Amino acid sequence: MSVSQGVHSLNYTRNMPGMIISNQLTLPNPVAVFKKSYSIAGGDAKLEKEGSFNLTKNLARYPFSSVKTSKHSEPVTCSTNSVANGSSLASPLKQSTSKEPIRTLILDNYDSYTYNLYQLLSVINGVAPVVLRNDEITWEELCYLLYEKRAFHNVVISPGPGSPTCASDIGVCLELLKECSDIPILGVCLGHQALGAVHGAKVVHAPEPVHGRLSETQHNGHPLFSNIPSGADSGFKVVRYHSLMVDASTLPEDLIATAWITSSKECESVSDGLNTSSIATLTESQVAWRSKETHGYSNFFEDNTSNSQTILKDSFQESSDKRTAKVLMGISHRHWPHHGVQFHPESVATAYGKQILENFRNITVEFWEKQSRRPMNTDDILRAPGPHNFLTVGLNALQRENLKDDWSDVPHSVSHGCKNSINDTEPVNKNNEVGSAEVLRLHWRKLPGMAARVGGSKNLFCKIYGTEAVEDTFWLDSSTRDQGRARFSFMGGKGGSLWHRFTYRVGCPAIDDRLPGVLRVENVAGQVKETVLQEGFLNLLNKELELRRCPEEDYESLPFDFCGGFVGYLGYELKVECGAASNRHRSSMPDAGMFLADQLVVVDHANDDIYVLALYQEGVIGGIPEPSLVDRLSPSNQKIVTVCGVEDKQQRLSKGTSVLHTLEVQSTSVEEVDIWGVESERRGAEGWVEKIVRKVTGLGQQFLDDSKMMHRLNLVSTVKTRDGDINPAFVADKSRAAYIKDVKKCQELIKDGETYEVCLTTQLRKKFTGDDYFGLYLTLRETNPAPYSAWMQFGKDGPCICSSSPERFLRLDRRGVLEAKPIKGTVARGNTPEEDEILKHSLQHSEKDQAENLMIVDLLRNDLGRVCKPGSVHVPSLMAVESYSTVHTMVSTVRGEKREDMTPVDCIKAAFPGGSMTGAPKLRTMEIIDSLEGSSRGIYSGTIGFLSFNSSFDLNIVIRTLVIHSGEASLGAGGAVISLSDPAAEYEEMVLKAKAPSKAISKFESAHMTTEQIGSIMPLGS
């Protein structure tokens, strides 16, 4: 959707199955009709007249989240062009190059929205900010940066969990606000509350926790709100994430109110039940300041001195004729350039969010123009005091290059905070340059139209890999492609000489979380070796991917990204490698499992094509490669490198192993490739491809009348336990009463500001001693098809995974585009088409589900913002409803362009675990989850997918998934808890989400179970 003030027309594009409809509406006054749009930056136009476009009611809260164009509920892709202060929801922002760069320091309070500010300020300021956590820098070091180095023009204090009255929650920020009267500062949410608290105002509970919801806001014309409308029906709606607030009645003389909520109608659930005696009401006459258009920051207060004198403590008393309270949304210091906003200008749904930050930039520029001593605007200003590598965790690659000076002339601390600083807010990696890499060549064949001829991907898998001996096989299965959600399926098994199986367990939390994990590696010959892994599993993956490269010409003609690499899962407890402080619970199964897959069969469901691929090793580029872990651990010694001298070839070959290739390094470091080994590997890869091609071609030619196979694939047999009895139903770790109690605990923590949203889950378990795990997966994919389904079997001792996930965690394509598709909001399907449409409509318009979804969208924008180019993160689809066999879900899409100095694994670390499975702020909320949930999540809540040797990956969120290990089937389920949650309804939602997998296992075990037994869940103690 686009708006042009010059043309006075509205262009909109509507996506319908099989067509694109474009229309143009002539508007008499586009400015009157369009006042707000949504974008990554917070938009600036809003559809005000329903008659101009067929809007649904929920657009009063979330314009452009969805437009009802037909019976279906497809989202409309929108963009705003030529609208004042506008930016785009669907398109990346463009960085301004015409203004002098402004250096911003962001002090991060361990929030999960900090990098949304980072992205916006990068575009607005013309240079990326520096992000430091509030306990990562001492007061002395901060003063050195601000006054000695003059490194920054302004400071932004981020949102965060907790209270400004708690020193560990706010860190160095209070001292900054108290002492730095000559530095422009903007506090957001917690930073806003800190500004009030440091000058004596009280921070109290808000009338009601408000998270992910919008409120229409009024302001007094302060320069921070320049070019922004104000008041009722103005379109100035802001997103709020807060449980605490600054008590307006306690504002000191030095602080003035600049913005407040005009009424509660825009945040419907706030309107009822307010304890108005605990909060002051602001009347328009008390804060009706307006500055002239020519006024700047300094003369704003000079021209309003007389009015501002009337803003006394006793002025903020509840008026007898007022029924609703007016909550402070903005404050400013009367004499210092310090400002605060309670709402989140960086949210995707805040109107004029980008304009507010641009106004802060203008305030900063005007402030420094009147000072004799100004910040330096050169590259060396980022050199700051501190020990070796100090500050590098908070800087991007360009900034790290500037940290070269010796900072020993300034006092600094040896340790910069007690909190883990791996994840959540700092860019996660330095520029990982690998000077050399092993060359992997790809041989492949295409079989046009063969998928339909062989009976689909299910028959194909069974023909190639069997239905019984399916150990060490995988199948990334797009078992449904409706709504265009997935196109390709990938399958493979134990195969070529490059094949390895990795399983990894994190360190023991009962002893010390810093203990290294244990890695187990098995090669294609079945030889096994275990080792202690000091650097962690994700760093291992990063290194292994960097040390292998496949030439682009080998895969550029393929319509999919995966050309071979790692396939497997990362369990939830791997969060300790991504910033979480600890794991309170230890999983009984490996925390990560990966195959190094060098042989693949791929199905293109759109064109019914089949591709057969095989990798082989050709040589080395860039000189002597650093040995990979596979090379170092491989029991078969597949690669031999001698740094000094030459090892006799016959001696190497006599070791009796299959040689990938042998690299002989002379004492003069001249490499020589073993041609015999390379040729053998090439012939082996080509031979396997041709064998599979013949098998697939033969399958397509024969008449498929195999009643035994159809019997197995339709799964009508009864599977019993070793005792001959049908297994009992699932038993939950938490009873209904205990689960509801935990929901209420989450809401108490939300009320106290410790978190905004908690994804609370539980585990359900049952004995499962049958051995036909693959048959169970086939039942699951038939009863609950999903676009990101997966089958994986990790050997005799490893877990078996049967997943029917509908949710994508993260994808990185060959162009470097990252995409996340979080799901928040779920409702059961109806029994009739009419009931189904009503339920779908109720989900689309549910304020609670919209709030949940918005919080996770903002969180994913933050996670992608840590590793994406400034201004590139955007939201092409917000809150679309997608339908599956048992549920409707609300899905959004977030995209961004990866920075060149970030590796694929860096991107995963920045976002793992998926925000839809944690809540926000992520780090604090994961601590809460560990304290409430009584067991590990294991594979559930983690991710399954591939990481390709061409630097792409595609990963799901592990939900709707059965995991079989050690004679037990486990199933995780849960939901997001927010302040609007009904505890009993949250329990029912958890049961609903467990229904599809539990129904599949019940159907698989017995075709004679009653309807009541199918999918039943029997909570312990209920």
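See the structure printed just above.
Nothing here was measured: the structure is a model prediction, and the numbers come from that model. (Residues numbered from 1 in each chain as written. Predicted model: local features only at pLDDT ≥ 70, side-chain atom pairs only at ≥ 80, totals over all residues. Heavy atoms only, no water.)

Caption draft 1: Representation of the pairing of strand 30 (residues 800-805) within the structure. Taken across its six residues, strand 30 has six buried, putting it largely inside the fold. Burial along strand 30 is two-sided: the residues Cys800, Cys802 and Ser804 and Ile801, Ser803 and Ser805 are all buried. Relative to strand 30, strand 29 (residues 788-793) runs antiparallel, the two being bridged by six bridges. When the sheet's bridge partners are listed, Trp791 is paired in strand 30 with Cys802. Linking strand 29 back to strand 30 in an antiparallel pair, the connection comprises six residues, with Gly795 at a positive phi of about 75°. Where strand 30 and strand 39 (residues 961-965) come together, four bridges link them in antiparallel fashion. Paired with Cys800 across the bridge in strand 39 is Ile964. (Buried < 20%, exposed > 50% of the residue type's maximum accessible area, 1.4 Å probe, protein only. Helix = DSSP H or I, 4+ residues; strand = E, 2+ residues; numbered from the N terminus. Pairing = 2+ DSSP bridges.)

Caption draft 2: Highlighting a positive patch on the surface. There is a patch of like positive charges on the surface, built from Lys463, Lys691, Arg694 and Lys695. Considering each element in turn, the positive patch owes the most residues, three residues, to helix 17 (residues 675-701). Along the polypeptide, Lys691 turns up in helix 17. On the basis of relative accessibility, which here comes to 42%, the residue Lys691 falls in the partly exposed class. (Patch = residues over 30% accessible without salt bridge, like charges linked within 9 Å, V, L, I, M, F, W, Y side chains within 5 Å. Areas by Shrake-Rupley, 256 points an atom, 1.4 Å probe, with all protein chains shown as cover. Salt bridge = Lys/Arg side-chain N within 4 Å of Asp/Glu carboxyl O. Lys, Arg positive; Asp, Glu negative; His and termini not counted. Charge placed at Lys NZ, Arg CZ, Asp CG, Glu CD.)

Caption draft 3: Layout of helix 19 (residues 736-751). Given a rise of 1.5 Å per residue, 16 residues ought to cover 22 Å, and the 23 Å separating the end C-alpha atoms of helix 19 matches this to within 8%. What helix 19 keeps buried is the set Tyr739, Ile740, Asp742, Val743, Cys746, Gln747 and Ile750. One side of helix 19 carries all its buried residues, which in axial view fall inside an arc of 155°. The exposed set on the far side of helix 19, more than 90 degrees from its buried face, consists of Ala737, Lys741 and Glu748. For helix 19, the secondary structure elements touched by its buried residues are strand 8 (203-219), strand 9 (237-246), strand 28 (757-767), helix 24 (922-932), strand 40 (968-977) and helix 25 (983-1005). (Expected span 1.5 Å × (residues − 1). Arc of directions from axis to C-beta. Contact = heavy atoms within 4.5 Å.)

Caption draft 4: Inspection of the sheet that holds strand 12 (residues 338-341) at higher detail. One open sheet holds the nine strands; their spatial order is 5-4-6-7-12-11-10-8-9, and the pairing between them is mixed. Since the sheet does not close on itself, it has two edges, and those belong to strand 5 (130-133) and strand 9, each with one partner. This sheet shows a mean twist of 25° between the axes of neighbouring strands, independent of strand direction. Where strand 6 (residues 154-157) meets strand 7 (residues 185-188), three bridges bridge the pair, whose relative direction is parallel. Note on strand 7: the bridge partner recorded for Val156 is Leu186. Each of strand 4 (104-108), strand 5, strand 6 and strand 7 is contacted by helix 2 (residues 114-125), which is oriented at about 175° to strand 4, the strand it contacts most. Here helix 9 (residues 353-369) sits on the sheet in contact with strand 6, strand 7 and strand 12, set at roughly 145° to strand 6. (Axes fitted to C-alpha atoms, helices over the stretch in contact; angles between N-to-C directions.)

Caption draft 5: Representation of the packing of aromatic side chains within the structure. In this structure the tally under the stated criterion is 33 aromatic pairs. Ring centres 5.4 Å apart and planes at 65° place the aromatic pair Phe490 and Phe946 in the edge-to-face group. With Phe490 in strand 15 (residues 488-492) and Phe946 in strand 37 (residues 943-948), the pair connects residues that are 456 residues apart, well separated along the chain. Residue Phe946 is classed as buried on the basis of its relative accessible area of 5%. Connected via pairs of aromatic rings, a cluster forms that spans Trp444, Phe488, Phe490, Phe560, Phe562, Tyr611 and Phe946. If you follow Lys766 out to its NZ or CZ, it ends over the ring of Phe730, 5.6 Å from the centre. If you follow Arg937 out to its NZ or CZ, it ends over the ring of Tyr572, 4.6 Å from the centre. (Phe/Tyr/Trp six-rings, centres within 6.5 Å; stacked < 30°, edge-to-face > 60°. Lys NZ or Arg CZ within 6 Å of the ring centre and 35° of its normal.)

Caption draft 6: Local environment of the pattern of salt bridges. The tally for this structure, following the rule as stated, stands at 41 salt bridges. Measuring nitrogen to oxygen at the nearest pair gives 2.9 Å for the salt bridge that ties Asp169 to Arg924. You can see Asp169 sitting in helix 4 (residues 167-170) and its partner Arg924 sitting in helix 24, a full 755 residues away along the chain. Salt bridges sharing partners connect three or more residues here, namely Asp472, Lys494, Arg501 and Glu522.

Caption draft 7: Structural view of the pairing of strand 18 (residues 528-533). Here strand 17 (residues 517-523) runs beside strand 18; their pairing, made up of six bridges, is antiparallel. Looking across to strand 18, one finds that Arg520 is bridged to Glu530. Counted along the chain from strand 17 to the antiparallel partner strand 18, the turn is four residues long, and its residue Gly526 has a positive phi close to 90°.

Caption draft 8: Structural view of helix 2. Its 12 residues place the ends of helix 2 16 Å apart at the C-alpha level, agreeing with the 16 Å of an ideal helix rising 1.5 Å per residue. Where burial is concerned, most of helix 2 is hidden: 12 out of the 12 residues are buried. Of all the residues in helix 2, the buried ones are Thr114, Tyr115, Asn116, Leu117, Tyr118, Gln119, Leu120, Leu121, Ser122, Val123, Ile124 and Asn125. The secondary structure elements touched by the buried residues of helix 2 are strand 4, strand 5, strand 6, strand 7, helix 9 and helix 22 (847-865). Residue Gly126 follows helix 2 closely and has a positive phi angle near 85°.

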